[in-house]
Structures are given as structure tokens and as C-alpha cells.
Amino acid sequence: MKIITALKGTHDILPGEVFKWQYVEKKIKEITEKYRYEEIRIPVFEYTDLFARGVGDTTDVVQKEMYTFDDKGGRSLTLRPEGTAGVVRSFLEHGMFADALPKKLFYMITCYRNEKPQAGRYREFRQFGVEVFGAKSPVLDAEIISMAVDILKNFGLKNLVVNINSIGCPACRKAYNDKLREYLRPYYNELCDTCKTRFEKNPLRILDCKSDVCKKIGENAPVLIDNICDECSEHFEKLKNELKTYNIDYVINKSIVRGLDYYTKTVFEITSSSLGAQSTVCGGGRYDGLVEELGGNPLPGIGFAMGLERLLMCMEAEGVYMGEPSKADIFVATLGENTASYATGFIKKLRDNGICAERDYMDRGLKAQMKYANKIGAKYSVVIGDDEVQKGICNLKNMETGESEATTFDEIIEKLK
Ligand code: ATP
Ligand code: MG
């Protein structure tokens, strides 16, 4: 019979590489905690409406990329394509707006998007993300960007570019949208079908379309940041000054609109030249209208999401340290028939003391046991034979150097714990 394979666009994280993920996840959590973020865990699926409203129904994500299905009760559900909508939903549902504000949350989740699988683009992928609710100060925008940079630099990554832009607020965007429509009107018939539907509702989205024709048309369009209101402009100036205080080099990339509808004012993307076509490792921005859009009282918000597969690809490409596989501290070999239960007691004691201990379960001879201990990379080994059981004296072998020292079982525990 043929084996069943994993679906295209999904990938296993195998035991031989999981240590890299554990290293990355642990480091990210350590850094995030310095900035006082609290972890939140949200469901994999939600009502489809949440994403239609939260991500925006003129976005590529909602229009083309969601895994949507009806459950047995006829409800339309969707596998989360991103984390922000779910986090806002939870924030409102659990009344976190009554907590001390700002509320600073982070998550590590899998996301699901029905996209064409290619390098750096999966159908199931992982994101680390943060969201902050309740603060509108550009000081926070800068801190969020600086935290993302802090994380990436901490891994030793070098080829990073911080791209920032402002896409204004609903007030300045309204005037801009009219201007943009005027520019786009002569090209209307050339736009892709999706963008035709965006023309009235959300013309800004057309500038983020991946179709070559729409991209070309968008090249000479009026630029949003040149048309933002005084308040948004001041916010952007303060952000730039703060970034200078953090010593963060940035470029103003006027073409960033971001793939999700809910952004206001600050948007940013961190790209890496170590990656191929999918070069954005981290993207985020301010979303001052989202909480209200999802049924709450108006409350500003800001966040970013970092693609973890892309982060690991970047780390591989730049050859930076990615942790080490965990290894057994000691392999306990047995010799003779009556030593197994003594070994069991000793191994239990080792593990009770927090030491990683491994043994033989295959009735192997001593030579084969030592070969196995070598294969799994055990740091030490000890052989328990009748003599050792009787006298309580044994030899602890350092598997790396090959050196042995006479010792007792209790001393081994003291040494390794
Ligand atoms: P892209 O322009 O690459 O399509 P996006 O704007 O759709 O990105 P976001 O929704 O901002 O991406 O998601 C944040 C991050 O998640 C991205 O910067 C990227 O690192 C990662 N990401 C997004 N989609 C995928 C995917 N299909 N596979 C792997 N990582 C992804
Ligand atoms: Mg995308």
C-alpha cells in the first residue's frame, strides 16, 4: 500500500530540526518578556465573519486565501489566516479593556492560507505576533519596531532593512481615496476582476495587488503619505525621532500598504536580503479602528507578526547559531541478568534529580549498547554489572574524551545534576 503524504504547503518539523524551533521560540519569549508582554493562546478556527470584518473583505487574505468551511450546524467557520482578529475578539469577549491599559499581548500560532506554495510561502505556517491595546502614542510604535529589530538582531541577523510608512487615518484616507480613484478611473477596464470590485470600496487595496497589470498601473498613482493630515504627519515625525533614539536605521517605503485592511497611520515591514522573493520577515502597524470595527468601544491598537519559517530560513542562510539538539546526560549500560532492576532504580534517581538518562531496552550486548550510546550522543556512560551492584563503585566514562573515573552512583548524581 502507498503511504499517505503530508498536504502540499504543509511541513513537518522533524525531531532532528525541532531544536532550532525550540531555541528560536525560547529566545523570542525571553526578549518579549523584557518588554512585559503576556502570552495569549487563541483557537485555530473562528467564525468566518470575524476575519471578513477584522482582516477586511477587500483583502487578498479574505477574498482568496482563507480555508473556509461549513460545520455540521451550517455555521461558516475559517481556519485563522492571522492572529490579530482572534486576539481582538478575545480581548473584547473577556473584557480586557477593563484591565490596566495598555494591554500588551503576544502569541505564537500556526496560520492557514490557501496560497500557492513556494519558497517562504506555506499553507500552514507559524507566526510570532504582538498586539498592544489602549495607547496611541508614537513612542509605542517605535518601541514595537525596536522590539522586532531587537529579536532579529539577537539571532545575529545582519541583512535587515526596516521599511516604514504612514497610511494615514480614515479622515485623510477618504480624501486620498477620491484622488486615487480619479487617477485609476482611466485604467478601470484594465484592472483585474478583483481590483474592479475594490475600486469603489477600497481603492488603496489595488496598490497592493499582485497582478502585474495592476502593479504597473499603480506605479504612478498618487502616494498616500504625501497626502496625510497634520495629525498623522506629526505622528510620523515623532516615530522617526524615536527610531533615531533607538539607533534604528530605517527607510521610508512609500509603497507599503500592507495586506490587511485594518491599518492606520504607522505601517512597517522588515525585510531581509538573505531571503528570496518572499523577503518580508516581519510586518505590522497601527490599527486604531479595529477594536471598534469588531464591536468594541474605540480603542487604539498596534502590533506586528513575524513569519517563523522565514526567520529560520534567514538564520540558515546567514549561518547563525540555531541551538543544539538535546542529548542524554548519561547512558546507563547493564551487564548480566540481575542488574536491570538496580539500573532502573538508579535511572529513576537520576531523572528525579533532573538529569536526562537513557538505557537499553533491546537486550543488546554491552558492545552494542555502547555503540547505541555513541549514536545518540550521550555525554557520559556507566556500566552496571554484578560487581558494581555489590560494591557500589563504578566507572563514569566521558564519551567525548574517552576518559573514565572511578566513582560512586551518588557521586554521579551530584556531578551531573
Ligand atoms: P506576503 O507579502 O509575503 O504575502 P503578508 O502581507 O501576506 O505577506 P502578513 O499577513 O503581514 O503577511 O503576515 C506576517 C508575516 O507572516 C509575513 O511577513 C511573513 O513573514 C509571514 N507569512 C505570511 N504569509 C505566509 C505564508 N503563506 N507562508 C509563510 N509565511 C508567511
Ligand atoms: Mg500574503
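Since the model is a prediction, treat every value here as computed from it, not as a measurement. Each chain carries its own residue numbering, running from 1 in the written order of its sequence. Here every chain gets a letter starting at A, and every ligand a number starting at 1, in the order they are written. A pLDDT threshold of at least 70 governs which residues receive local features in this predicted model, and a stricter bar of 80 or more applies before side-chain atom pairs are shown or counted, although totals over entire chains, interfaces and linings include all residues. With hydrogens and water set aside, each side-chain value is computed from the structure's full complement of heavy atoms.

J.: Give a description of the overall build of the protein that names residues and reports values.
T.: Scanning the protein from terminus to terminus reveals 15 helices and 16 strands. Radius of gyration means the value over C-alpha atoms here, while the globule rule gives 2.2 Å times the residue count to the 0.38 power. Taking 2.2 N^0.38 as the reference for a compact globule, 417 residues should give roughly 22 Å; the C-alpha atoms of the protein span a radius of gyration of 28 Å, well beyond that estimate. Accessibility here uses a 1.4 Å probe with only protein chains present; expressed as a share of the type maximum, an area under 20% marks a residue as buried, one over 50% as exposed, and anything in between as partly exposed. Looking at the protein as a whole, 50% of its 417 residues qualify as buried. Throughout, a contact is declared for two residues whenever any of their heavy atoms are within 4.5 Å. Counting only contacts in the protein whose residues sit at least 6 apart along the sequence, the fraction spanning at least 24 positions is 70%. The Shrake-Rupley method, run with a 1.4 Å probe, gives the accessible areas here. Residue values count only the displayed protein chains as cover. As presented, the protein carries roughly 21,300 Å² of accessible surface, and 49% of it is formed by carbon and sulfur atoms. The convention is simple: Lys and Arg are positive, Asp and Glu are negative, and His and the chain ends are not counted. Here the site of a charge means atom NZ of a Lys, CZ of an Arg, CG of an Asp or CD of a Glu. Of the charged side chains in the protein, 59 are positive and 62 negative, and the gap between their average positions amounts to 2 Å. The numbering of helices and of strands both runs from the N terminus, where a helix is a DSSP run of H or I of at least 4 residues and a strand a run of E of at least 2.

J.: Tell me about empty space enclosed by the protein, and please be specific about residues and values.
T.: A cavity, in this analysis, means grid points on a 1 Å lattice covering only the protein atoms where a 1.4 Å probe fits yet has no way out; a pocket is instead an open set bounded by protein on both sides within 12 Å along at least five of seven lines, and a residue lines either one if it has an atom within 4 Å of a point. Grid points are joined across faces, edges and corners, and a volume is the space filled by probe spheres set on the points. Scanning the model with the defined rule gives one cavity of 30 Å³ or more in all. Counted as a void, the largest cavity has a volume near 50 Å³. Forming the walls of the largest cavity are Ile167, Arg173, Asn202, Leu204, Arg205, Val257, Leu260, Asp261 and Tyr263. Under the grouping applied here, Gly and all other residues not named as nonpolar or charged are polar, the nonpolar ones being Ala, Val, Leu, Ile, Met, Phe, Trp, Tyr, Cys and Pro and the charged ones Asp, Glu, Lys and Arg. Of the residues belonging to the lining of the largest cavity, the class tally is five nonpolar, one polar and three charged.

J.: I'd love a proper account of the layout of surface pockets, names of residues and values included.
T.: Quantified by volume, the second largest pocket comes out at close to 540 Å³. Residue lining of the second largest pocket: 21 residues in total, with Arg173, Asn202, Asp261, Tyr262 and Glu293 positioned closest to the centre. Listing elements by their share of the lining of the second largest pocket, those giving two or more residues are α2 (48-56), α6 (170-184) and α10 (290-293). The class makeup of the residues in the lining of the second largest pocket is five nonpolar, seven polar and nine charged.

J.: Which residues make up the packing of helix α1 (residues 18-34) against helix α5 (residues 138-154), and what are the values?
T.: Only the stretch in contact is used when a helix axis is fitted, and all axes are lines through C-alpha atoms; the angle between N-to-C directions ranges over 0 to 180 degrees. Interaxial distance between α1 and α5 falls to 10 Å at its minimum, and their mutual angle equals 145°. Crossing of α1 over α5 shows right-handed handedness. For the pair formed by α1 and α5, the contact residues are Lys27, Ile28, Ile31, Thr32 and Lys34 on the first element and Met147, Asp150, Ile151 and Asn154 on the second. Taken together, the residues of the contact of α1 with α5 break down into four nonpolar, two polar and three charged. Crossing handedness follows the turn of the near helix against the far one: under a right angle anticlockwise gives a left-handed crossing, and clockwise gives a right-handed one.

J.: Tell me about the site of ligand 1, and name the residues and values.
T.: For this description, a residue counts as near a given molecule or strand if any of its non-hydrogen atoms is within 4 Å of it. Around ligand 1, the surrounding shell holds 15 residues, and the nearest of these are Arg113, Glu115, Tyr122, Arg258 and Thr280. Under the rule applied, a polar contact is a pair of N or O atoms within 3.5 Å (in protein, one hydrogen donor and one hydrogen acceptor; residues adjacent in sequence only if both atoms are side-chain atoms). Note that an oxygen atom of ligand 1 is positioned 2.7 Å from one of the side-chain N or O atoms of arginine 113. When ligand 1 is considered free in solution it has 580 Å² of accessible area, and contact with the protein chains removes 92% of it. Elements supplying a minimum of two residues to the shell around ligand 1: β6 (124-133), β10 (280-286) and β11 (301-307). Top contributing element to the shell around ligand 1 by residue count: β10, with three residues. Looking at side-chain class alone, the shell around ligand 1 contains five nonpolar, four polar and six charged residues.

J.: Kindly report on the sheet that holds strand β4 (residues 76-79), identifying the contributing residues and their values.
T.: Backbone-to-backbone hydrogen bonds join strands into a sheet, with any given pair of strands oriented parallel or antiparallel. For two strands to count as paired, DSSP must find a minimum of two bridges between them. Read across the open sheet, the three strands follow the order β2-β4-β3; overall the sheet is antiparallel. Looking at which strands have only one partner, the edges of the open sheet turn out to be β2 (45-47) and β3 (68-70). Across the sheet, the axes of successive neighbouring strands diverge by a mean angle of 35°, strand direction being ignored. Note that β3 and β4 share three bridges and pair antiparallel. Within β4, the position partnered with threonine 68 by the bridge is threonine 78.

J.: Break down α1 for me, citing the residues and quoting the values.
T.: Since the α-helix packs 3.6 residues into each turn, any two residues three or four apart lie on the same face. Taking 1.5 Å per residue as the helical rise, α1 with its 17 residues ought to reach 24 Å, and the 25 Å between its terminal C-alpha atoms agrees with that figure. Of the residues making up α1, those classed as buried are Phe19, Lys20, Trp21, Tyr23, Val24, Ile28, Ile31 and Thr32. Of the surrounding elements, those touching the buried residues of α1 are β5 (103-112), β6, α5 and α11 (308-318). Phi turns positive, to about 60°, at arginine 36, one or two residues after α1. For a helix, the expected span equals 1.5 Å multiplied by the residue count minus one.

J.: Outline a nonpolar patch on the surface, supporting the account with residue identities and numerical values.
T.: Distance thresholds for patches are 9 Å for like charges and 5 Å for nonpolar side chains (Val, Leu, Ile, Met, Phe, Trp, Tyr), applied to residues having over 30% relative accessible area and no salt bridge. By definition here, a salt bridge exists when the distance from a side-chain nitrogen of Lys or Arg to a carboxyl oxygen of Asp or Glu is within 4 Å. Taken together, Val44, Phe45 and Phe69 make up a surface patch of nonpolar side chains, about 260 Å² in accessible area. Here valine 44 is to be found in the loop between β1 (38-39) and β2.

J.: Tell me what's going on with the packing of aromatic side chains, and back it up with residues and numbers.
T.: Aromatic pairing here means that ring centres of Phe, Tyr or Trp (its six-membered ring) are within 6.5 Å. Orientation follows from the plane angle: under 30 degrees is stacked, over 60 is edge-to-face, and everything else is tilted. The full count for this structure, using the stated rule, is 13 aromatic pairs. Note on phenylalanine 128 and phenylalanine 304: the rings are 5.9 Å apart at their centroids and 65° apart in plane angle, and the pair reads as edge-to-face. Placement of the pair is phenylalanine 128 in strand β6 and phenylalanine 304 in strand β11, with a sequence separation of 176 residues. For the pair shown, phenylalanine 128 and phenylalanine 304 are each scored as buried.

J.: Lay out the environment of tyrosine 37 in plain terms, naming residues and giving numbers.
T.: Within the secondary structure, tyrosine 37 sits in the loop between α1 and β1. Judged by its relative accessible area of 4%, tyrosine 37 is buried. For the pair tyrosine 37 and isoleucine 330, spaced 293 residues apart in sequence, the C-alpha to C-alpha distance is 37 Å. Look past the residues within four positions of tyrosine 37 in its chain and what remains in contact with it is Thr32, Lys104, Leu105, Phe106, Val130, Glu131, Val132, Ile144 and Met147.

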